[in-house]
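Summary of structural features
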Amino acid sequence: MTEHIDPSIIVARDVEKIYPNGCHALKRVSLSVNRGEVVVIVGPSGSGKSTFLRTLNQLETISAGNVRIDGIDLTDKATDINRVRAEVGMVFQSFNLFPHKTALENVILAPMRVLKKSREDAVEKGKELLYKVGLADRIHSFPSQLSGGQQQRVAIARALAMLPMIMLFDEPTSALDPEMVGEVLDVMKSLAKEGMTMVVVTHEMGFAREVADRVVFMEDGELIVEDTPERFFDNSSNERLQKFLGQVL
Amino acid sequence: MDKQYNKTFWNFIFIAILFGIGSVVYFSSKSIDYTWRWERIPQYLINTEPQEIRAPFDGSIKLSANKKTLTVMPDNGEAPQVIKAFDILKVDNGDMVFEGDVIAGVDNWRIGPLTWGLIMTLKLSIVSLLFAVIIGLFTGLARISSNPALRNLSITYIELVRGTPLLVQIFIFYFFIGTVFDLDRFTAGVAALAVFTGAYIAEIIRSGIQSIAPGQMEAARSLGMNYVQAMIYVILPQAFKRTLPPMAGQFINLIKDSSLVSVISITDLSKAGREVVNSTFAPFEVWFTVALLYLVLTGGLSWLVQKLEKRLSASD
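Scoring rules and cut-offs
- Residues numbered from 1 in each chain as written.
- Chains lettered and ligands numbered in written order.
- Predicted model: local features only at pLDDT ≥ 70, side-chain atom pairs only at ≥ 80, totals over all residues.
- Heavy atoms only, no water.
- Domains from an automatic or database assignment.
- Pairing = 2+ DSSP bridges.
- Helix = DSSP H or I, 4+ residues; strand = E, 2+ residues; numbered from the N terminus.
- Contact = heavy atoms within 4.5 Å.
- Buried area = accessible area lost by both parts, 1.4 Å probe.
- Salt bridge = Lys/Arg side-chain N within 4 Å of Asp/Glu carboxyl O.
- Polar contact = N/O pair within 3.5 Å; in protein donor to acceptor, adjacent residues only side chain to side chain.
- Axes fitted to C-alpha atoms, helices over the stretch in contact; angles between N-to-C directions.
- Parallel < 35°, antiparallel > 145°, perpendicular 65-115°, else oblique.
- Left-handed = near helix turned anticlockwise from the far one by under 90°.
- Nonpolar A, V, L, I, M, F, W, Y, C, P; charged D, E, K, R; others polar.

How big an interface is tends to be reported as the loss of accessible area on association of its parts. Looking at the assigned domains, one finds that chain B contains domain 1 (52–109) and domain 2 (113–315). Relative placement of domain 1 of chain B and domain 2 of chain B: their C-alpha centres are 51 Å apart.

See the structure below:
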């Protein structure tokens with residue numbers, strides 16, 4: 001359907017974000033991500049990495065620059081942002097499951113309402129996805145009856161149910177108890193293996209080293225280092241990155 | 001730690017205090033020589049007295065052989081009156097009757113004025129509640145809209161309505177708006193109640209929506225839902241559940257406030273009470289009965305809302 005020769009599916013160019021209170025959250029951040037690539041963004045808290053991730057589906061509007069998803073300019077007023085968002089899945093730090101709906105209902109809601117799928121189709125796909133994230137036995141549980149790790153896996157299944165081209169992960173394991181981090185990372189690893197394009201903001205350096213194609217370091221709203229995991233973790237000459245790695249590793 | 005109370009003992013104290021209050025009411029009525037006439041009240045709720053059928057003109061009675069059909073033959077040669085539906089016969093074949101004489105009776109139950117009042121109050125409450133919820137929902141949404149025109153309009157409406165007494169609003173609706181648009185009493189009353197209650201419901205809905213974590217809206221929007229879909233499928237169902245208790249309070253207020261429309265001569269429960277007092281001279285009994293009937297309405301509503309709350313708490 002698409003005739004792009006351009007391998008980049010996400011192109012962010014000179015993205016600026018200045019809040020009304022004057023806080024300069026993003027300073028000329030540029031990043032492009034290829035199809036099937038896994039990019040991990042790390043950096044100290046307040047460095048603007050979550051803000052940047054959220055500009056990729058316009059949950060955060062930008063003050064200057066532009067963001068293109070699959071060739072579509074998000075800053076263009078004519079762009080139907082809902083259609084772009086339907087193809088860009090997002091997983092949040094605090095899960096944000098719909099508490100009044102069961103796991104399965106959470107997963108089938110958007111396919112039915114946005115993609116106008118029939119209930120049968122949505123349920124079939126939903127069950128398949130919940131099975132894939134290891135929750136076949138909890139499909140009728142409400143979020144309040146699930147552990148943090150289980151809730152985050154439902155949230156991943158919910159995003160996948162829209163058959164997205166891209167998955168954005170905003171610190172998906174930061175709100176989890178340590179023993180549940182692994183189960184969520186495992187699901188993300190298998191997604192990466194299947195060739196999903198992923199942008200992940202995380203503090204899990206092990207995940208970055210193992211899964212990422214590229215690792216990005218942000219600090220004070222600036223993108224400072226962008227490199228392969230090997231060079232990023234072992235051979236970087238950047239002082240600020242070395243200081244940060246020294247603190248977290 | 002909670003202190004452990006002796007339940008039986010304190011329940012007994014509770015009953016004793018209620019009994020004490022009841023006795024005070026009883027003895028204070030004794031002290032003013034009030035004669036309780038509770039037996040006068042039931043007929044104003046349901047009237048079981050046979051309904052009388054009177055002769056329409058002077059004439060004579062003709063009965064059919066099986067006494068099932070009664071015909072009044074007029075003296076002046078006009079068309080005879082045939083009466084078939086009756087339970088009690090007060091006349092016999094060939095009797096002379098004059099216009100207005102009781103000739104038969106019908107044994108049917110009729111609803112008394114207090115019950116009519118109750119029905120009117122119920123009707124007023126349900127219709128205005130429906131409109132109040134619609135007004136409240138849209139105003140509540142406009143109140144949190146980022147569009148300044150919508151937001152300011154809803155703030156103005158809410159402040160105007162909350163800042164003026166309902167009684168004054170009812171008069172304005174009936175005498176001004178009612179005259180301009182030629183509204184009948186009931187419509188004017190319903191409009192006043194709906195507009196009044198709508199302002200409070202708007203604030204309840206606004207606070208309900210604002211109490212939902214912003215992440216819910218973000219999650220819904222990130223899945224490609226538009227604002228309206230996110231509201232309908234994600235935010236409002238959660239807000240609805242959270243606002244049930246204050247909403248129930250507002251609904252109960254509406255039922256009670258509906259008594260004020262009696263000032264524009266709508267015969268609701270309160271006005272019916274006033275009328276019955278005038279014909280029975282038993283004010284204590286009538287007002288206690290009216291209070292009890294209001295309690296039945298509000299209590300029933302409370303009970304319904306509690307059941308609903310229980311059902312919705314499945315996901316907690």
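Residues and elements named next belong to chain B. Ordered by their spatial adjacency, four strands build an open sheet running β5-β4-β3-β7, and the pairing between neighbours is antiparallel. Only two strands of the sheet have a single neighbouring strand rather than two, namely β5 (81–83) and β7 (96–97). Sheet topology places strand β3 (residues 59–63) next to strand β4 (residues 70–74); five bridges connect them, and they run antiparallel. Bridge pairing links Ile 61 to Val 72 in β4.

In this section: the interface of chain A and chain B. Facing the 26 residues of chain A at the interface are 19 residues of chain B. Summing both partners gives a buried area of about 1900 Å² for chain A against chain B, and 59% of it is carried by carbon and sulfur. By the criterion of area lost to chain B, the three top residues of chain A are Phe 98, His 100 and Arg 113 of chain A, representing 26% of everything that side buries. In this structure, the connection of chain A to chain B is made through one salt bridge. Note that Glu 218 of chain B is salt-bridged to Arg 54 of chain A, the shortest N-O span being 2.7 Å. Our count for the chain A to chain B interface comes out at seven residue pairs in polar contact (both at pLDDT 80 or more). Broken down by secondary-structure element, the contributors of at least two residues to the side of chain A that touches chain B are α2 (81–85), β6 (88–91), α3 (103–113) and α5 (148–160) of chain A.

Residues and elements named next belong to chain B. The interhelical angle for the contact between helix α9 (residues 269–280) and helix α10 (residues 283–312), taken along N-to-C directions, is 160°, at an axis separation of 9 Å. As judged from the angle between their axes, α9 and α10 are roughly antiparallel. Where α9 crosses over α10, the handedness of that crossing is right-handed. Packed against α9, whose contacting residues are Leu 269, Ser 270, Gly 273, Arg 274, Val 276, Val 277 and Thr 280, the element α10 presents Pro 283, Val 286, Trp 287, Val 290, Leu 293 and Tyr 294 at the interface. Tallied by class, residues from the contact of α9 with α10 come to nine nonpolar, three polar and one charged.

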